[in-house]
Amino acid sequence: YPADYEKLLTDFGLSNLKKSYVSKLSGGEKQKLSVILALIGNPEIVFLDELTTGLDVAARREVWRTLKQLKEQGLTIFLTTHYMEEAEALCDRVCIIKSGKKVTEGTVSEVVAASGKSNLEEAYLFYMGEEDLL
(Lines give C-alpha, C1' and ligand atoms only; values in the text may rest on other atoms or scores of the structure.)
Protein backbone atom coordinates (compact mmCIF):
# COMPACT_ATOMS: atom_id res chain seq x y z
CA TYR A 1 0.00 0.00 0.00
CA PRO A 2 1.25 3.52 -0.70
CA ALA A 3 2.32 5.68 2.21
CA ASP A 4 -0.04 8.37 3.50
CA TYR A 5 1.19 11.42 1.60
CA GLU A 6 -0.66 13.79 3.97
CA LYS A 7 1.29 12.35 6.93
CA LEU A 8 4.57 12.55 5.00
CA LEU A 9 3.88 16.20 4.13
CA THR A 10 3.19 16.92 7.81
CA ASP A 11 6.23 14.93 9.00
CA PHE A 12 8.48 16.94 6.68
CA GLY A 13 6.83 20.28 7.46
CA LEU A 14 5.43 20.78 3.96
CA SER A 15 1.68 20.39 4.52
CA ASN A 16 1.15 24.15 4.23
CA LEU A 17 2.76 24.05 0.75
CA LYS A 18 0.57 21.26 -0.61
CA LYS A 19 -0.93 23.43 -3.35
CA SER A 20 2.33 25.18 -4.26
CA TYR A 21 4.16 24.72 -7.53
CA VAL A 22 7.44 22.84 -7.19
CA SER A 23 9.18 25.70 -9.01
CA LYS A 24 8.17 28.03 -6.14
CA LEU A 25 9.70 25.84 -3.39
CA SER A 26 13.04 26.69 -1.78
CA GLY A 27 15.99 24.36 -2.27
CA GLY A 28 15.42 22.79 1.13
CA GLU A 29 11.72 22.30 0.47
CA LYS A 30 12.50 20.63 -2.87
CA GLN A 31 14.97 18.33 -1.11
CA LYS A 32 12.35 17.33 1.46
CA LEU A 33 9.82 16.77 -1.32
CA SER A 34 12.25 14.43 -3.08
CA VAL A 35 12.41 12.32 0.09
CA ILE A 36 8.61 12.24 0.30
CA LEU A 37 8.46 11.07 -3.31
CA ALA A 38 10.98 8.32 -2.52
CA LEU A 39 8.82 7.20 0.42
CA ILE A 40 5.39 7.41 -1.22
CA GLY A 41 5.61 3.86 -2.56
CA ASN A 42 6.20 2.60 1.00
CA PRO A 43 9.55 0.92 0.15
CA GLU A 44 11.47 -1.48 2.39
CA ILE A 45 14.77 0.12 1.32
CA VAL A 46 15.47 3.69 0.22
CA PHE A 47 18.69 5.16 -1.19
CA LEU A 48 19.28 8.82 -0.31
CA ASP A 49 22.21 10.63 -1.90
CA GLU A 50 23.52 13.77 -0.18
CA LEU A 51 20.07 14.25 1.29
CA THR A 52 20.68 17.30 3.45
CA THR A 53 23.03 19.23 1.17
CA GLY A 54 21.70 22.77 0.92
CA LEU A 55 19.44 22.54 3.95
CA ASP A 56 19.77 24.97 6.83
CA VAL A 57 20.49 23.55 10.30
CA ALA A 58 16.84 23.50 11.39
CA ALA A 59 15.66 21.80 8.20
CA ARG A 60 18.54 19.29 8.41
CA ARG A 61 17.59 18.35 11.98
CA GLU A 62 13.94 18.06 10.98
CA VAL A 63 14.86 15.61 8.21
CA TRP A 64 17.09 13.69 10.65
CA ARG A 65 14.20 13.34 13.09
CA THR A 66 11.95 11.96 10.38
CA LEU A 67 14.60 9.55 9.09
CA LYS A 68 15.16 8.24 12.62
CA GLN A 69 11.41 7.62 12.93
CA LEU A 70 11.35 5.81 9.59
CA LYS A 71 14.34 3.71 10.66
CA GLU A 72 12.54 2.80 13.91
CA GLN A 73 9.58 1.67 11.80
CA GLY A 74 11.85 -0.79 9.98
CA LEU A 75 12.84 1.13 6.85
CA THR A 76 16.38 0.38 5.65
CA ILE A 77 18.10 3.59 4.57
CA PHE A 78 21.31 3.80 2.52
CA LEU A 79 22.59 7.34 2.99
CA THR A 80 25.45 8.94 1.08
CA THR A 81 26.84 11.95 2.94
CA HIS A 82 29.97 14.00 3.39
CA TYR A 83 28.69 15.27 6.75
CA MET A 84 30.25 13.08 9.43
CA GLU A 85 27.98 14.55 12.12
CA GLU A 86 25.05 13.33 10.03
CA ALA A 87 26.54 9.84 9.68
CA GLU A 88 27.14 9.68 13.45
CA ALA A 89 23.58 10.81 14.19
CA LEU A 90 21.76 8.59 11.71
CA CYS A 91 23.78 5.54 10.76
CA ASP A 92 24.00 2.14 12.43
CA ARG A 93 26.92 1.28 10.15
CA VAL A 94 29.23 3.36 7.97
CA CYS A 95 31.42 2.58 5.00
CA ILE A 96 34.18 4.99 4.00
CA ILE A 97 35.03 4.91 0.30
CA LYS A 98 38.09 6.47 -1.31
CA SER A 99 38.59 6.52 -5.09
CA GLY A 100 35.76 4.02 -5.53
CA LYS A 101 37.24 1.49 -3.11
CA LYS A 102 36.07 0.61 0.39
CA VAL A 103 38.61 1.76 2.96
CA THR A 104 36.78 0.65 6.11
CA GLU A 105 33.35 -0.23 7.40
CA GLY A 106 31.61 -0.99 10.66
CA THR A 107 29.65 0.74 13.35
CA VAL A 108 30.60 4.35 13.98
CA SER A 109 32.39 3.38 17.19
CA GLU A 110 34.29 0.53 15.44
CA VAL A 111 35.45 2.82 12.62
CA VAL A 112 36.51 5.55 15.06
CA ALA A 113 38.28 3.09 17.40
CA ALA A 114 40.21 1.45 14.53
CA SER A 115 41.49 4.86 13.43
CA GLY A 116 42.76 5.81 16.88
CA LYS A 117 40.93 9.13 16.57
CA SER A 118 38.30 10.62 18.85
CA ASN A 119 35.38 11.15 16.46
CA LEU A 120 34.13 10.17 13.02
CA GLU A 121 35.24 13.38 11.31
CA GLU A 122 38.84 12.88 12.46
CA ALA A 123 38.64 9.18 11.56
CA TYR A 124 37.35 10.09 8.10
CA LEU A 125 40.32 12.42 7.53
CA PHE A 126 42.66 9.69 8.77
CA TYR A 127 41.23 7.10 6.37
CA MET A 128 41.29 9.56 3.48
CA GLY A 129 44.97 10.34 4.16
CA GLU A 130 44.22 13.97 5.00
CA GLU A 131 45.36 13.98 8.63
CA ASP A 132 47.29 17.20 8.06
CA LEU A 133 43.90 18.93 8.04
CA LEU A 134 43.33 18.04 11.71
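Look a little higher up for the structure.
These lines cover the structure that appears in this document, whether it is placed above or below. Note that the structure is a prediction, hence the values are computed from the model and not measured.

All right, on to the packing of aromatic side chains then. Inspection of every chain in the model, using the stated rule, returns two aromatic pairs. Judged by centre distance (4.8 Å) and plane angle (15 degrees), the ring pair of Phe47 and Phe78 falls under stacked. Placement of Phe47 in strand E1 (residues 45-49) and of Phe78 in strand E2 (residues 76-80) is noted, with a sequence separation of 31 residues between them. Taking NZ or CZ as reference, Arg60 lies 4.3 Å from the ring centre of Tyr83, over its face.

A few words now on the nonpolar core. Phe12, Leu39, Leu51 and Leu67 are the most contacted members of the largest nonpolar core, which totals 22 residues. Going through the elements one at a time, helix H1 (5-11), helix H2 (27-39), E1 and helix H3 (57-72) are the ones with two or more residues in this core. Residue contributions to this core peak at five residues, all from H3. Here Leu67 is in contact with Leu48, Leu51, Ile77 and Leu90, once residues within four sequence places are set aside.

Turning next to the pairing of strand E4 (residues 101-106). Where strand E3 (residues 94-98) lies against E4, five bridges are found, and the strand directions are antiparallel. Bridge assignment links Val94 to a residue of E4, and that residue is Gly106. Here E3 hands over to E4 after two residues, with Ser99 in that stretch at a positive phi of 50 degrees.

On to the layout of surface pockets. Summary: where empty space remains is shown by rolling a probe the size of a single water molecule over the atoms. Each pocket or cavity is described by its volume, and for the largest pocket that value is around 760 Å³. Contributing to the lining of the largest pocket are 28 residues, with Leu79, Cys91, Arg93, Val94 and Cys95 lying nearest its centre. At the level of elements, E1, H3, E2, helix H4 (84-90), E3, E4 and helix H6 (120-127) are the ones that each hand at least two residues to the lining of the largest pocket. Residues belonging to the lining of the largest pocket are distributed by class as follows: 17 nonpolar, five polar and six charged.

Our next topic: the packing of helix H5 (residues 108-115) against H6. Close contact between H5 and H6 brings their axes to 9 Å; oriented N to C, the two are set at 55 degrees. Classified by the angle between their axes, H5 and H6 sit oblique to one another. Two packed elements cross with a definite hand, and for H5 against H6 that hand is left-handed. Note on element contacts: H6 touches H5 through Leu120, Ala123, Phe126 and Tyr127, opposite Val108, Val111, Val112, Ala114 and Ser115. In terms of residue class, the contact of H5 with H6 is built from eight nonpolar, one polar and no charged.

Basis of the calculations
- Residues numbered from 1 in each chain as written.
- Predicted model: local features only at pLDDT ≥ 70, side-chain atom pairs only at ≥ 80, totals over all residues.
- Heavy atoms only, no water.
- Phe/Tyr/Trp six-rings, centres within 6.5 Å; stacked < 30°, edge-to-face > 60°.
- Helix = DSSP H or I, 4+ residues; strand = E, 2+ residues; numbered from the N terminus.
- Lys NZ or Arg CZ within 6 Å of the ring centre and 35° of its normal.
- Core = buried A, V, L, I, M, F, W, Y, C linked by side-chain atoms within 4.5 Å.
- Buried < 20%, exposed > 50% of the residue type's maximum accessible area, 1.4 Å probe, protein only.
- Contact = heavy atoms within 4.5 Å.
- Pairing = 2+ DSSP bridges.
- 1 Å grid on protein atoms, 1.4 Å probe; cavity = no way out; pocket = protein on both sides within 12 Å on 5 of 7 lines; lining within 4 Å.
- Points joined across faces, edges and corners; volume = space filled by probe spheres on them.
- Nonpolar A, V, L, I, M, F, W, Y, C, P; charged D, E, K, R; others polar.
- Axes fitted to C-alpha atoms, helices over the stretch in contact; angles between N-to-C directions.
- Parallel < 35°, antiparallel > 145°, perpendicular 65-115°, else oblique.
- Left-handed = near helix turned anticlockwise from the far one by under 90°.

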